[in-house]
Amino acid sequence: MRDRVPDLSIARVLISNDDGIDAPGIKALQRALKKIAGEVWVVAPQTEQSAAGHSLTLRRPLRIHKISKHKFCVTGTPTDSVMLAVHEVMKDSPPDLVVSGINRGGNLGEDVTYSGTVAAAMEGTLLNLPSVAFSLVTPDEAKAHWETAEAYVEKVLTRISGLTLPRGVLLNVNIPDCPIDQVTGIEITRQGRRKIGCELLKGHDPKGQPYFWIGAQRDEDKTLKGTDLEAVSRNAVSITPLSLDLTHRPMMKTLKEVF
Ligand code: MN
């Protein structure tokens, strides 16, 4: 089992994302890791897969395209990419660490269940590899502070080097979109509340048929202390340990009394 975050200087790191192989965030992630990691591999979706969640492609074939020696794109989801990376592309030299992102936009609160960025790290975790997801909480991609995100990827990964992650646990890191000197610190948080899709747009196509478009509006609570949302609202970097085991243990007790 490879559950310990490795010594980065000798680590083989697999990078993936959900914004696609050409996204600015994955380039920032590569720049950060090339400074600190022994070997950097990129296996990422060919096209944007945001909100793909932890989906696997089962009803069509997948292709892997080699871009350069350690860089590949996959015609599938983030989960497909990590699975193909570990079982095919890197099968003779498996990664020691999986890093996903840097996502264009936060993955806060309930976002983690829709997020392809977090799902890539979930897949790494399921393959018993220490895995970390990074997102930049940017409202405006054109003005995004990728340099802040890049610097904090380096800081966070260096700090967690040597740490053992329990089986089924990954780290979800959200970085505020501000100049680096305005970051107020690194805080350990829990998932807040941020329900996407409260706004549903309705229209008619040229043939007069109705269509629906899920909007970006969110019902979120930035005031709840100790949450990811509250921390990034104060320009802190948020680290939330997420468990793949979604069981709600107190409810088991309640249900056992009923049944
Ligand atoms: Mn995305």
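Here, the structure is the one placed above.
Okay, so let's go over this structure.

So, the packing of helix H2 (residues 78–89) against helix H4 (residues 116–126)
Here is step 1: Running from N to C, H2 and H4 cross one another at 30°; their axes reach a closest spacing of 8 Å. Accordingly, the angle class assigned to the pair H2 and H4 is roughly parallel. Once H2 is placed against H4, the crossing between them reads as right-handed. Two secondary-structure elements touch here, H2 through Pro78, Thr79, Val82 and Met83 and H4 through Gly116, Ala119, Ala120, Glu123 and Gly124.
Here is step 2: Along the lines of polarity and charge, the residues of the contact of H2 with H4 split into 5 nonpolar, 3 polar and 1 charged.

Looking at the sheet that holds strand S2 (residues 39–45)
Here is step 1: The strand order across the open sheet built from 9 strands is S3-S4-S2-S1-S5-S6-S7-S13-S8, with neighbouring strands paired in mixed fashion. In this open sheet, the two strands that pair with only one neighbour each are strand S3 (64–68) and strand S8 (186–188). The mean angle between the axes of side-by-side strands here comes to 25°, regardless of whether they run parallel or antiparallel.
Here is step 2: Pairing geometry for strand S1 (residues 12–16) and strand S5 (residues 97–104), over 4 bridges, is parallel. Each bridged residue has a counterpart across the sheet, and for Leu14 the counterpart in S5 is Val98.
Here is step 3: Helix H1 (residues 24–36) rests against S1, S2, S5 and strand S6 (131–137) of the sheet, and its axis sits at about 140° to S5.
Here is step 4: Seen against the sheet, H2 touches S1, S2, S3 and strand S4 (71–74) and runs at an angle of roughly 135° to S2.

Points about the side chain of Lys71
Here is step 1: Examined against the element boundaries, Lys71 turns out to sit in strand S4.
Here is step 2: For the buried residue Lys71, which engages in no salt bridge, the nearest side chain bearing the opposite charge is Asp22, 5.3 Å off.
Here is step 3: In this structure Lys71 touches Ile21, Val42, His65 and Lys66, once residues within four positions along its chain are discounted.

Conventions used here
Residues numbered from 1 in each chain as written. Predicted model: local features only at pLDDT ≥ 70, side-chain atom pairs only at ≥ 80, totals over all residues. Heavy atoms only, no water. Axes fitted to C-alpha atoms, helices over the stretch in contact; angles between N-to-C directions. Helix = DSSP H or I, 4+ residues; strand = E, 2+ residues; numbered from the N terminus. Parallel < 35°, antiparallel > 145°, perpendicular 65-115°, else oblique. Left-handed = near helix turned anticlockwise from the far one by under 90°. Contact = heavy atoms within 4.5 Å. Nonpolar A, V, L, I, M, F, W, Y, C, P; charged D, E, K, R; others polar. Pairing = 2+ DSSP bridges. Buried < 20%, exposed > 50% of the residue type's maximum accessible area, 1.4 Å probe, protein only. Lys, Arg positive; Asp, Glu negative; His and termini not counted. Salt bridge = Lys/Arg side-chain N within 4 Å of Asp/Glu carboxyl O.

Coordinates in, geometry out; function isn't part of it.
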